[in-house]
Amino acid sequence: MSSYSANALLTPSLPITRKKKKTHVIITFTTSRSHVSPRMSLQQPLTAITKLLWGNSLPPQLLISTVRSTWSATWHLLMSQLAPSDPSGRYSRPPSQFPANFNSLQFSRQNPSSLHLYVALPCPWAHRTLIVRALKGLENAIPVSIAAPGTDGSWEFKDGAAPDGDTFVPGLDTANGCRTLREVYRLRRGGYNGRSTVPMLWDVEKKEVVCNESYDIIQLFNSGLNGLASNPALDLAPPALKERIEEWNRVIYPGVNNGVYRCGFAQSQEAYDTAVNELFTTLDMLDDHLSRCRYLCGDMLTLADICLFTTLVRFDLVYNVLFKCTKKKLLEYPNLHGYMRDIYQIPKVAATCNFQAIMDGYYGILFPLNPGSFRPTMPSGCEHEALIRPHNRESLSSVDQSMATHVS
């Protein structure tokens, strides 16, 4: 709104019998506009209009009902695009469009050195790949480009601030020079018009999407690229534990990983109630199990632990508040919280956790869940200083080891 139109809107409420006072008010309003945000400059004339219409009273009931109905319809429209649901309002996550086909041995036929990883820091699914990439020592072999959420919810590449030590920060697309992840997907043969999700593994030479299913990518990083890894001896999915890892994944994915999204993206009270009960039933069971075991499968960190960790580290930071997972904070689960700190303190893991970027991504971009885009203060229990407190979970190990995961 221009200065002229703003003054015009204010004029009817100003006295016209004293020239000096009228001039004084207009000058004060115009001057103040240079010191306020665009949002505030819009709010000032709107506030003046509402006071003119109904003074200091609440808006008329008819207006409230109309706005509420309009917002409800708009909210359901936005949510249907952001988070597709079934007829009962339960969130239904779209499947990955490019799962890996290990049976066709596609990875062995390509040049592994041409792989490039695309991630975004708020995303727990992308976070998995960063952790396994770091623990296996694939940082030099698999370059990474880090996208940031745009105002429309898509992933964008932009000049980022200088990294704070080893912490990951958003930046440019160093493989293709694209402005958005959507543009990268469209470079593939035949193009692509579906959801442009992270993580995504890209073949630079073939200009092709290799895979955008997070679990397939971390399996590849764990055991398929040992020739390029600086820590090839580490195996996060040894054959002896494969069945137990799969069993835990069948519990963790629906109950926790996707469970928090089923709470936050529920579009009916019934869908939310069901999701939140299943989430906390699963967390209660996990907390009890971890009172006896250092990690899910015993003494050894596995891919199942990585998958659980990336949700837990976001729980009090985001899901407890924004996704209405409010029955308990993770801090109230002594074993789960200690377990999360245990993994956080493994060398190289903390560097993959950019909490400011995580909060910005959720609170700033998920408009239907947070229309004002206000970001709350970070909980003290989520700060780095709190997460590096002793966890004393070594006492649960049946073997004498100072660290279950050896990182070179």
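Residues numbered from 1 in each chain as written. Predicted model: local features only at pLDDT ≥ 70, side-chain atom pairs only at ≥ 80, totals over all residues. Heavy atoms only, no water.

Give me the lowdown on the overall build of the protein, citing residues and values where you can.
Secondary structure assignment for the protein yields 15 helices and 5 strands. The contacts in the protein between residues at least 6 apart in sequence include a share of 71% that link residues at least 24 apart. (Helix = DSSP H or I, 4+ residues; strand = E, 2+ residues; numbered from the N terminus. Contact = heavy atoms within 4.5 Å.)

So what's going on with the pairing of strand β2 (residues 144-149)? Which residues, and what values?
When you tally the buried positions in β2, you get 5 out of 6 residues, the bulk of the element. Across 4 bridges, strand β1 (residues 115-120) lies against β2 in parallel orientation. Bridge assignment links A120 to a residue of β2, and that residue is A147. In this antiparallel pair of consecutive strands, β2 and strand β3 (residues 155-156), the connection spans 5 residues, and G153 shows a positive phi of 90°. (Buried < 20%, exposed > 50% of the residue type's maximum accessible area, 1.4 Å probe, protein only. Pairing = 2+ DSSP bridges.)

Now, about the packing of aromatic side chains: what can you tell me, with residues and values included?
In this structure the tally under the stated criterion is 16 aromatic pairs. Geometrically, the ring pair formed by Y319 and Y362 is edge-to-face, given 5.6 Å between the ring centres and 90° between the ring planes. Pair noted here: Y319 is in helix α12 (residues 303-322) and Y362 is in helix α14 (residues 355-365), with a separation of 43 residues, a long-range link. Ring pairs connect the aromatic residues W125, Y253, Y261, F265, Y319, F323 and Y362, which therefore count as one cluster. Geometry around Y261 places R93 over its ring, the cationic atom sitting 4.8 Å from the centre. (Phe/Tyr/Trp six-rings, centres within 6.5 Å; stacked < 30°, edge-to-face > 60°. Lys NZ or Arg CZ within 6 Å of the ring centre and 35° of its normal.)

Requested: an account of the side chain of S145, with residues and values cited.
Mapping S145 onto the fold places it in strand β2. Classification of S145 as buried rests on a relative accessible area of 1%. Here the side chain of S145 touches H116 through a polar contact of 2.7 Å, side chain to side chain. A distance of 3.0 Å separates a polar atom in the side chain of S145 from the backbone nitrogen of T174. Those residues in contact with S145 that lie beyond four places of it in its chain are H116, L117, Y118, V119, F157, L172, D173, T174 and A175. (Polar contact = N/O pair within 3.5 Å; in protein donor to acceptor, adjacent residues only side chain to side chain.)

Hey, could you go over the confidence of the model for the protein for me, with residue numbers and the actual values?
In the predicted model, the protein carries a mean pLDDT of 84, and the fraction of residues at 70 or more is 76%. In this model residues 1-34 is a low-confidence stretch, pLDDT under 50, and it forms 23 contacts with partners more than four residues away in sequence or in other chains. (pLDDT = per-residue confidence, 0-100.)

How would you summarise the environment of A100 if you had to cite specific residues and measurements?
Of note, A100 is situated in the loop between α4 (61-82) and α5 (106-109). With 115 residues separating them along the chain, A100 and Y215 place their C-alpha atoms 9.4 Å apart.

Could you give an account of the pairing of strand β5 (residues 208-211), with specific residues and numbers?
Alignment of strand β4 (residues 200-203) against β5, held across 3 bridges, turns out to be antiparallel. Across the sheet, D203 pairs through a bridge with E208, a residue of β5. What sits between β4 and β5 in their antiparallel hairpin is a turn of 4 residues, with K207 showing a positive phi close to 55°.

Report on the nonpolar core, specifying residues and quantitative values.
Ranked by size, the top nonpolar core spans 105 residues in total, and within it F221 and F323 carry the most contacts. In terms of residue count, α12 provides more of this core than any other element does, 13 residues in total. Once residues within four sequence positions are removed from consideration, F221 is found in contact with L117, T129, V132, R133, K136, L138, I142 and L201. (Core = buried A, V, L, I, M, F, W, Y, C linked by side-chain atoms within 4.5 Å.)

Summarise unusual backbone geometry; cite the residues concerned and give the values.
Cis peptide bonds are those with omega within 30 degrees of zero, and the linkage from V198 to P199 qualifies with 0°. A positive phi angle, close to 85°, is found at K348, a residue other than glycine. Inspection of the secondary structure puts K348 in the loop between α13 (334-344) and α14. Residues other than glycine seldom take positive phi values, yet S373 does so here, at roughly 60°. Residue position: S373 is located in the loop between α14 and α15 (384-387).

Help me get a handle on the sheet that holds β4, residues and values and all.
Strand order in the open sheet formed by 5 strands is β3-β2-β1-β4-β5, with mixed pairing between adjacent strands. In the strand order of this sheet, the two ends are held by β3 and β5, each with one partner. Contacts from helix α8 (residues 214-224) reach β1, β4 and β5 within the one sheet, and its direction differs from that of β4 by about 60°. (Axes fitted to C-alpha atoms, helices over the stretch in contact; angles between N-to-C directions.)

Tell me what's going on with helix α9 (residues 242-257), and back it up with residues and numbers.
For α9, with 16 residues, the first-to-last C-alpha span of 20 Å runs short of the 22 Å given by 1.5 Å per residue. The complete set of buried residues in α9 reads I245, W248, N249, I252, G255, V256 and N257. Buried residues along α9 sit against α6 (124-136), α8, α10 (259-264), α11 (269-289) and α12. (Expected span 1.5 Å × (residues − 1).)

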